[in-house]
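# Observations on the three-dimensional arrangement
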Amino acid sequence: DVGIGNNVLIRDNILVERYVIEDAAVVTQNRKLPAERGTDFGIGKPIPVGPETGGREIKAYPEILLRDVVRLVRSPGDKEGQAKYTQALARYLEAAKSDFGYIGPGAEVSGVADGKNLFVAEGGVVVDNTNVHNLLLLTAEGERTVVAGTSEIVNLIAQPGVEIIG
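Presented here is an overview of the structure given in this document. The structure presented is a predicted model; accordingly, all values stated were derived computationally and were not measured.

Inspection of the entire model under this criterion finds three aromatic pairs. Ring centres 5.8 Å apart and planes at 35° place the aromatic pair Tyr-61 and Tyr-92 in the tilted group. Taken together, the residues Tyr-61 in the loop between strand 8 (56-59) and helix 1 (66-74) and Tyr-92 in helix 2 (residues 79-96) connect sequence positions 31 residues apart. A residue is classified by how much of its surface remains accessible, and Tyr-61, at 12% relative accessible area, is buried. Here Tyr-92 falls in the partly exposed class, since its relative accessible area comes to 23%. An aromatic cluster is present here, built from Phe-41, Tyr-102 and Phe-119 joined pairwise through their rings. When the ring centre of Phe-100 is taken as reference, the NZ or CZ atom of Arg-18 above it lies at 4.5 Å.

What follows is the structure, encoded as structure tokens:
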């Protein structure tokens with residue numbers, strides 16, 4: 001099941017499964033790009049914060065602010081703050097769950113050996129990576145977001161303007 005927009009280039013892929021591919025996107029030379037039903041694109045997966053000092057794990061979502069992460073880690077007994085965080089995370093997860101991956105208008109996903117559960121927003125670039133699982137790549141007007149040349153990316157939320165070059 002793949003929905004394909006206008007003026008899309010899809011070439012030399014072995015498997016592209018369960019994706020919505022928007023207008024003018026480029027999807028070339030990938031080995032496997034499946035998306036699982038009910039994927040959350042890595043949102044809410046535990047990320048260790050401050051492990052060198054016995055830190056904690058935070059379940060990230062795109063709009064969480066660094067000051068909120070610091071507060072959560074420093075004040076685990078703050079029941080009100082923990083409750084607000086838990087509610088915000090639950091709302092975001094509910095809204096983000098999808099039965100399809102997404103490659104936005106003008107985005108490029110090329111040269112990925114094993115890519116699973118990708119959300120690549122408009123104009124985003126994911127090229128020449130080995131393993132990319134649970135990726136939420138966000139963009140904004142004038143801010144290109146790129147993940148290129150990496151060996152392993154798992155549970156990444158990339159904000160607009162981020163460039164990760166391996």
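Further remarks concern the side chain of Asp-40. Note on placement: Asp-40 falls in the loop between strand 6 (32-34) and strand 7 (46-49). Of the residues examined, Asp-40 reaches a relative accessible area of 9% and is grouped as buried. Only 2.8 Å separates the side chain of Asp-40 from the side chain of Lys-45, close enough to count as a polar contact. What Asp-40 contacts, discounting residues up to four positions off in sequence, is Lys-45, Leu-93 and Lys-97.

In total, this model carries seven salt bridges according to the counting rule given. For Arg-67, the salt bridge identified is with Asp-68, shortest N-O distance 3.9 Å. Given a relative accessible area of 57%, Arg-67 falls into the exposed group. Classification of Asp-68 as partly exposed rests on a relative accessible area of 22%.

Turning our eyes to something else, we now look at the nonpolar core. Of all hydrophobic cores here, the largest spans 20 residues; its most connected members are Ile-103, Val-109, Leu-118, Val-120 and Leu-135. Where this core is concerned, the elements lending two or more residues are strand 4 (19-21), strand 11 (114-120), strand 13 (131-137) and strand 15 (152-158). Those residues in contact with Val-109 that lie beyond four places of it in its chain are Val-26, Val-27, Thr-28, Asn-30, Leu-33, Ile-103, Leu-118, Val-120 and Val-126. Counting 15 residues, the second largest nonpolar core, distinct from the first, contains Tyr-61, Ile-64, Leu-89 and Ala-96.

Each value, and the rule that gives it
Residues numbered from 1 in each chain as written. Predicted model: local features only at pLDDT ≥ 70, side-chain atom pairs only at ≥ 80, totals over all residues. Heavy atoms only, no water. Phe/Tyr/Trp six-rings, centres within 6.5 Å; stacked < 30°, edge-to-face > 60°. Helix = DSSP H or I, 4+ residues; strand = E, 2+ residues; numbered from the N terminus. Buried < 20%, exposed > 50% of the residue type's maximum accessible area, 1.4 Å probe, protein only. Lys NZ or Arg CZ within 6 Å of the ring centre and 35° of its normal. Polar contact = N/O pair within 3.5 Å; in protein donor to acceptor, adjacent residues only side chain to side chain. Contact = heavy atoms within 4.5 Å. Salt bridge = Lys/Arg side-chain N within 4 Å of Asp/Glu carboxyl O. Core = buried A, V, L, I, M, F, W, Y, C linked by side-chain atoms within 4.5 Å.

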